[in-house]
Amino acid sequence: MIKDLILRTSRAGNVLDLMGSCISSKSFKNVVSLNPENAVVAVENESFRKIYFNTNSIAIADGIGILWAAKMLQIENVSRTTGADLMCEIVKKHKDKKILFLGGKYDVAEKVVQYFKNQVNNNGEFIALGGVDKNDTNLINEVVKINPDILFVAFGSPHQELWIESNSEKLSKVLCMGVGGGFDFIAGILPRAPTHLRNLGQYRDWE
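As the structure is a computational prediction, the values presented were derived from the model and not from experiment.

Caption draft 1: View of the packing of helix α4 (residues 46-53) against helix α9 (residues 159-166). Axis separation between α4 and α9 bottoms out at 10 Å; the angle between their running directions is 70°. Classed by the angle they form, the pair α4 and α9 counts as roughly perpendicular. Between α4 and α9 the crossing geometry is left-handed. Residues S47, F48 and I51 of α4 form the contact with α9, whose own contacting residues are E161, L162 and E165. Grouping the constituent residues of the contact of α4 with α9 by class yields three nonpolar, one polar and two charged.

Caption draft 2: Summary view of the sheet that holds strand β6 (residues 175-178). One open sheet accounts for six strands, arranged β2-β1-β6-β5-β3-β4; its pairing is parallel. For this open sheet the edge positions go to β2 (57-61) and β4 (125-129), each flanked by a neighbour on one side alone. With strand direction ignored, the average angle separating the axes of adjacent strands in the sheet is 20°. Here strand β3 (residues 98-103) pairs with β4 via five bridges, running parallel. Following the sheet pairing, F101 is matched in β4 by A128. The strands touched by α4 are β1 (29-34) and β2; relative to β1, the strand with the most contacts, the crossing angle is about 110°.

Caption draft 3: How the structure looks around unusual backbone geometry. Cis geometry marks the peptide bond from S157 to P158; its omega dihedral reads 5°. Phi at N77 is positive, roughly 60°, even though this residue is not glycine. With respect to the element layout, N77 can be found in the loop between α5 (64-72) and α6 (83-93). Positive phi, normally seen in glycine, also occurs at N147, with a value near 60°. Along the chain, N147 falls in the loop between α8 (139-146) and β5 (150-154).

Caption draft 4: Geometry of α6. Among the eleven residues that make up α6, nine are buried, leaving the element largely enclosed by the rest of the structure. Three or more residues of α6 are buried, namely G83, A84, D85, L86, M87, C88, E89, I90 and V91.

Caption draft 5: Molecular detail of the packing of helix α3 (residues 36-44) against α4. One way to put it is that α3 packs onto α4 with a least axis distance of 6 Å and a crossing angle of 115°. Taken together, the axis directions place α3 and α4 in an arrangement best described as roughly perpendicular. Once α3 is placed against α4, the crossing between them reads as left-handed. Contact residues: α3 offers N38, V41, A42, V43 and E44, while α4 offers E46, F48, R49 and Y52. In terms of residue class, the contact of α3 with α4 is built from five nonpolar, one polar and three charged.

Caption draft 6: Representation of the pattern of salt bridges within the structure. This model, assessed by the stated rule, comprises three salt bridges. A salt bridge links D149 to K26; its shortest N-O distance comes to 2.8 Å. Residue D149 is located in the loop between α8 and β5, and its partner K26 is located in the loop between α2 (12-25) and β1; the two are separated by 123 residues in the primary sequence. Between K50 and E46 there is a salt bridge, with its nearest N and O atoms 3.6 Å apart. Placement of both K50 and E46 in helix α4 is noted, with a separation of four residues, approximately one turn of the helix.

Caption draft 7: Focus on the packing of aromatic side chains. Evaluation of the coordinates by the stated rule reveals seven aromatic pairs. Considering the side-chain rings of F101 and F152, the 5.6 Å spacing of their centres and the 25° angle between planes classify their relative orientation as stacked. Within this pair, whereas F101 is found in strand β3, its partner F152 is found in strand β5, the two being separated by 51 residues in sequence. Owing to a relative accessible area of 0%, F101 belongs among the buried residues under this scheme. Residues F155 and W163 carry aromatic rings whose centres are separated by 5.6 Å and whose planes lie at 85° to one another, so their mutual orientation is edge-to-face. This pair shows no difference in class: F155 is buried, exactly as W163 is. Grouping aromatic residues by their ring pairs yields a cluster made of F101, Y115, F116, F126, F152 and F183.

Rules used throughout
Residues numbered from 1 in each chain as written. Predicted model: local features only at pLDDT ≥ 70, side-chain atom pairs only at ≥ 80, totals over all residues. Heavy atoms only, no water. Axes fitted to C-alpha atoms, helices over the stretch in contact; angles between N-to-C directions. Helix = DSSP H or I, 4+ residues; strand = E, 2+ residues; numbered from the N terminus. Parallel < 35°, antiparallel > 145°, perpendicular 65-115°, else oblique. Left-handed = near helix turned anticlockwise from the far one by under 90°. Contact = heavy atoms within 4.5 Å. Nonpolar A, V, L, I, M, F, W, Y, C, P; charged D, E, K, R; others polar. Pairing = 2+ DSSP bridges. Buried < 20%, exposed > 50% of the residue type's maximum accessible area, 1.4 Å probe, protein only. Salt bridge = Lys/Arg side-chain N within 4 Å of Asp/Glu carboxyl O. Phe/Tyr/Trp six-rings, centres within 6.5 Å; stacked < 30°, edge-to-face > 60°.

As structure tokens, this is what we get:
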């Protein structure tokens, strides 16, 4: 099962191309991260596992543990792409789009929006909708009303991926990605590992 999950992941450059194509064509994709924790949950949770094999999903290998597992299972050409780095790259490349940052505690989403406004000269629209209840059945209607091109969701796994999947029909023109603690990293609430440690085994051909 773990081998099948790893085989579903895409290389960094392919991910950017796929995401860019979906944004341009306004079609739905659910970008899901595969790290050791998610792999364990996916084995035990059938609904979560199915998302990785859904044709509407793009899976990325996020975590050095996945690279170690790939090596042990003799799977070649697996590259690590951290969710936080991928989110930053997508924002930079598509700064002319309407991007919604959904979830996180308190004012974290607002801090993320401010961070990106300071980092990129955006001519699109960055919107924060934080401190929400992921179980609120009216939440998806708020998102639809905003009508984003790109949606980053920080509900934690597997909640964010399952929420996106369950609302895929209403998000049929949106590129969606669950980012877990990515908002906290960008907002400076949680420290990231030093760069040299994050780059261990990491391949990013967009640089």
